[in-house]
Amino acid sequence: MVNWERLAEQNPLYVADDLRRAGYRLVMEQVIYGSDLRSRTTYEILVKFLASYRELLGSLGMTVIHNPHMSYVVAVPNPYVAEKMRLSETRLALVLRSLYNDKMYATEIIAGEAHVTIHDLETAYKDLMGKELPDTAQLRETLAALKRYGLLRLEDAHDEQPFTVIVRPGIVDVLGETALLQLAAHAPTSTDEEEENA
C-alpha cells in the first residue's frame, strides 16, 4: 500500500494531500496534460511518483501510462472494471480516433493535437458509421462527455462553424488500436444497407 505521508516527507515541495489530489484528478479526468496550465503541477507530481501511482491504480484495475514526448499521463481502466460509455459516445470517440490517425499520417498534428472541423467530423461520421452526425445540442452533450475523459477540447471557430474539436494526444492510449477495430462492429455492412433499402 502506498504511504503518501512517507513519500511527501521525501520531497519538501509537496504534502500528502497534494499527492492524493493528483491521484484523484488522474482517476476522474483520465488524462492529465502537462501543457495545460491548471494541470502542470498535477502532471509533475504524477511523473515524480509514477511508480507509486502505477502500483495504487494497478490494484484498482487501471494501467497508468506516461507519454513524456506529448507530456501527459493517462489512466486506462481494465475493460472489466471500466464504466461503459454510451453507444453515442463510443461511436463519436472511435470516429475522432480515426480522424486523429488520418491527421497524424497527413502530418497535420500540431503540438500533438488534431484540429477537426465540424464538416470533417460530419463527413467521417457518415462514412464510418453510415449515419448522420447528431444535431448540435446532442453533439455538444456527447463531446462534453468525451472531454471529461481527456480525449478532446473545444475551441471557438473563426468561421461559420459553431466550434472546432481539438482531439488530444491521449486518445491514442485511451482508445488503442484494438478500439479502432471495433469500428467495424458499428459500421454499416452491405447486408444492412440492402435490408434498409428493401
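Keep in mind that this is a model prediction, so the values were computed, not measured.

Trainee: Residues and numbers for the packing of aromatic side chains, please.
Mentor: Scanning all chains against the criterion turns up two aromatic pairs. Between Y14 and F49, the ring centres sit 6.3 Å apart and the planes meet at 75 degrees, which makes this aromatic pair edge-to-face. Of the two residues, Y14 is situated in the loop between helix 1 (4–9) and helix 2 (16–29) and F49 in the loop between helix 3 (40–48) and helix 4 (50–58); the sequence distance between them amounts to 35 residues. The burial state of Y14 is the same as that of F49; both residues are buried. Consider the rings of Y33 and Y72, whose centres lie 5.6 Å apart with planes at 55 degrees: the pair is tilted. One end of the pair, Y33, is in strand 1 (residues 31–33); the other, Y72, is in strand 3 (residues 72–77), with 39 residues separating them in the sequence. Classification of Y72 as buried rests on a relative accessible area of 1%. Positioned above the aromatic ring of Y33, the side-chain terminus of R168 is 3.7 Å from the ring centre.

Trainee: Can you explain the environment of R140? Please cite residues and give values.
Mentor: Here R140 lies in helix 7 (residues 136–148). When the C-alpha atoms of R140 and L154 are compared, they prove to be 9.5 Å apart, with 14 residues separating the residues in sequence. Residues within four places of R140 in sequence aside, it is in contact with P162 and F163.

Trainee: Can you explain helix 6 (residues 118–129)? Please cite residues and give values.
Mentor: With 12 residues, helix 6 extends 16 Å from end C-alpha to end C-alpha; this agrees with the ideal 16 Å at 1.5 Å per step. Of all the residues in helix 6, the buried ones are I118, L121, A124, Y125 and M129. Viewed along the axis of helix 6, the buried residues span an arc of 130 degrees, placing them on a single side of the element. Turned more than 90 degrees off the buried face of helix 6, the exposed positions are H119 and D127.

Trainee: Any details on unusual backbone geometry? Residues and values, ideally.
Mentor: In this structure, Q30 takes a positive phi of about 70 degrees despite not being glycine. Tracing the backbone through its elements, the reader meets Q30 in the loop between helix 2 and strand 1. The phi torsion at A111 lies on the positive side, around 50 degrees, for a residue other than glycine. In this fold, A111 is placed in the loop between strand 4 (109–110) and strand 5 (113–116).

Rules used in this analysis
- Residues numbered from 1 in each chain as written.
- Predicted model: local features only at pLDDT ≥ 70, side-chain atom pairs only at ≥ 80, totals over all residues.
- Heavy atoms only, no water.
- Phe/Tyr/Trp six-rings, centres within 6.5 Å; stacked < 30°, edge-to-face > 60°.
- Helix = DSSP H or I, 4+ residues; strand = E, 2+ residues; numbered from the N terminus.
- Buried < 20%, exposed > 50% of the residue type's maximum accessible area, 1.4 Å probe, protein only.
- Lys NZ or Arg CZ within 6 Å of the ring centre and 35° of its normal.
- Contact = heavy atoms within 4.5 Å.
- Expected span 1.5 Å × (residues − 1).
- Arc of directions from axis to C-beta.

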